[in-house]
Amino acid sequence: MTLRLSIRSLVTLLIIVAGIVALAGDRPARVATAQTPITLKIQASWPASLSVYDALKMFAERVEKLSAGQLKIEPMPAGTIVPAFEVLDATNKKVIDGAHTVAYYWVGKHKAAVFFTGGPGGTFGMDAIDYIGWMYEGGGLELYQQYYKDILKLNVVPIPAFPSSPQALGWFKRPIKSLADFKGMKCRQTGIAAEVYTEMGMRTVNMPGGEIIPAAERGVIDCAEWVGGVEDLRLGFHNVWKYHYTPGMHEVVTVGEILINGDVWKSLSPQFQEIIKSASMETYTRWWAWWQKQNALAIKELVEKHKVQILKTPDDILYEFLKAWDRIATREAEKDPFFKKALDSARAYASLVVPAKRFMFPEYKFAANYYWPEKKAAPAAAPAAPAPAPAKKP
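Residues numbered from 1 in each chain as written. Predicted model: local features only at pLDDT ≥ 70, side-chain atom pairs only at ≥ 80, totals over all residues. Heavy atoms only, no water.

1. Section: the side chain of His244
Right, so step 1: Inspection of the secondary structure assignment puts His244 in strand β9 (residues 243-246).
Right, so step 2: Among the residues examined, His244 registers a relative accessible area of 4% and is labelled buried.
Right, so step 3: With residues up to four places along the chain from it excluded, the contact list for His244 reads Ala168, Gly170, Trp171, Gly228, Gly229, Asp232, Val308, Gln309, Ile310 and Leu311. (Helix = DSSP H or I, 4+ residues; strand = E, 2+ residues; numbered from the N terminus. Buried < 20%, exposed > 50% of the residue type's maximum accessible area, 1.4 Å probe, protein only. Contact = heavy atoms within 4.5 Å.)

2. What about the pairing of strand β2 (residues 71-76)?
Right, so step 1: Inspection of the sheet shows strand β1 (residues 38-44) paired to β2 by 6 bridges, in the parallel sense. Directly across from Ile38, in β2, lies its bridge partner Leu71.
Right, so step 2: In this fold, the crossover linking β1 to β2 by way of helix α2 (residues 51-66) has right-handed handedness. (Pairing = 2+ DSSP bridges. Right-handed = clockwise from strand over helix to strand, strands pointing away.)

3. Here we look at helix α8 (residues 191-199)
One turn of an α-helix holds 3.6 residues; hence residues three or four places apart share an orientation.
Right, so step 1: Listed as buried for α8 are Gly191, Ile192, Ala193, Ala194, Val196 and Tyr197.
Right, so step 2: Of the surrounding secondary structure, the elements contacted by the buried residues of α8 are α7 (179-182), β7 (203-205) and α13 (315-335).
Right, so step 3: Downstream of α8 by a residue or two, Gly201 has a phi angle that is positive, lying close to 105°.

4. Section: the packing of aromatic side chains
Right, so step 1: One pass over the structure, following the stated rule, counts 25 aromatic pairs.
Right, so step 2: Consider the rings of Tyr104 and Tyr105, whose centres lie 5.5 Å apart with planes at 75°: the pair is edge-to-face.
Right, so step 3: With relative accessibility at 12%, the residue Tyr104 sits in the buried group.
Right, so step 4: Consider the rings of Tyr284 and Trp288, whose centres lie 6.4 Å apart with planes at 65°: the pair is edge-to-face. (Phe/Tyr/Trp six-rings, centres within 6.5 Å; stacked < 30°, edge-to-face > 60°.)

5. Quick word on the layout of surface pockets
Right, so step 1: Here the second largest pocket defines a volume of roughly 340 Å³.
Right, so step 2: Gln145, Val156, Val157, Pro158 and Trp265 are, among the 14 residues lining the second largest pocket, the residues nearest its centre.
Right, so step 3: Contributions of two or more residues to the lining of the second largest pocket are made by α6 (140-151), β4 (156-163) and α11 (262-267).
Right, so step 4: Of all the elements, β4 adds the most residues to the lining of the second largest pocket, at 5 residues.
Right, so step 5: For the lining of the second largest pocket, a count of residues per class yields 8 nonpolar, 3 polar and 3 charged. (1 Å grid on protein atoms, 1.4 Å probe; cavity = no way out; pocket = protein on both sides within 12 Å on 5 of 7 lines; lining within 4 Å. Points joined across faces, edges and corners; volume = space filled by probe spheres on them. Nonpolar A, V, L, I, M, F, W, Y, C, P; charged D, E, K, R; others polar.)

6. Digging into the environment of Trp171
Right, so step 1: With respect to the helices and strands, Trp171 occurs in strand β5 (residues 170-172).
Right, so step 2: The exposure class of Trp171 is buried, given its relative accessible area of 0%.
Right, so step 3: Leaving out residues up to four positions away in the same chain, Trp171 has contacts with Asp222, Cys223, Ala224, Asp232, Phe237, His238, Trp241, Tyr243, His244, Leu302 and Val308.
Right, so step 4: Within polar-contact distance, the side chain of Trp171 engages the side chain of Asp232 at 2.7 Å. (Polar contact = N/O pair within 3.5 Å; in protein donor to acceptor, adjacent residues only side chain to side chain.)

7. Focus: the side chain of Glu225
Right, so step 1: The residue Glu225 is located in the loop between β8 (223-224) and α10 (229-235) in this model.
Right, so step 2: Classification of Glu225 by relative accessible area gives buried; the value is 1%.
Right, so step 3: Residue contacts for Glu225: discarding those within four places in its chain leaves Gln167, Ala168, Leu169, Gly170, Cys187, Arg188, Gln189, Ile212, His250 and Glu251.

8. Structural notes on the packing of helix α5 (residues 128-137) against helix α12 (residues 270-304)
Right, so step 1: In the contact formed by α5 and α12, the axes pass within 13 Å of each other and the chain directions differ by 175°. When the axes of α5 and α12 are compared, the pair comes out roughly antiparallel. Only Met281, Tyr284 and Trp288 of α12 make contact with α5, whose side of the interface consists of Ala128, Ile129, Tyr131, Ile132 and Tyr136. (Axes fitted to C-alpha atoms, helices over the stretch in contact; angles between N-to-C directions. Parallel < 35°, antiparallel > 145°, perpendicular 65-115°, else oblique.)

Written out as structure tokens, the structure is:
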């Protein structure tokens, strides 16, 4: 009797153990040991020379420190494994473990991508803090996840990562004084902004950041938008053009993303998943503060050393951009339910926080002008006339 019970108990125990092993096999947790730290390969959509790539390196450093070296991120610049605009598909297919990129690159797949970057005009007047508020307090993050999982049918996990904004209107080979000067120019633009500018009468072309300066040098384009400040200094725009206009309405808020392959994400322990999310949010604020200082230093260098004319964008261009964007957004919302869902969600959150913030916050220029009075901007100087050809000898 006792022997039978013992055998029966042993069989039951073996069945339970086998079940646990089977369940574990369905979803193995990648738990690092002191001897086997986990390394995730994450490729960026930009060159290593740019400060947005520094955001990826900062994120990698924080992940390693927070995990005591048990989880590591190997940052890779654009082109290391796949081209800049192919990191999303490469992450989905697990060619790379993840990507450091920006969602508006995917508007060609579905235009709602623009809302998970920030969107033209903010969206609806929001700044980068309002936007991250919509993400975490207004339902934006759930829509962001739904966009990749249900709309694009991709196996990736998106995480808001860094705010490279607000961005300048761009660089031009000649001065622009009105919307009329703007029309007909061939300009590097990307994402939904390219569609908006096309509606405004500009001819647009999309290309990765590393291709902009060579195209400008060859005269393929008349103007280009990249970021502004330190990013544009590092890329070398001042070596080609001397007219830089700011601000722009196309990227008042631009928030980049970390994408992790879904299977890779599930394989990580809950602790490692939380470390990645925490490191991303820390980088969002810490890198942004660092970046703002770099922009101030870059503007100083562009003006004083490189003799760049940094000029205010004509208001009619900014207003026309918002009007053109509203027309495009209305058309798209009428034909696409998910686009409308994201648009309405962002609008609802902005309708609460933007008017309140406008009331509670003093205008930035109020105290700024008290301590640092603005100098009256001089009109853009015309390009220097070419030197006359030397007279021929008789």
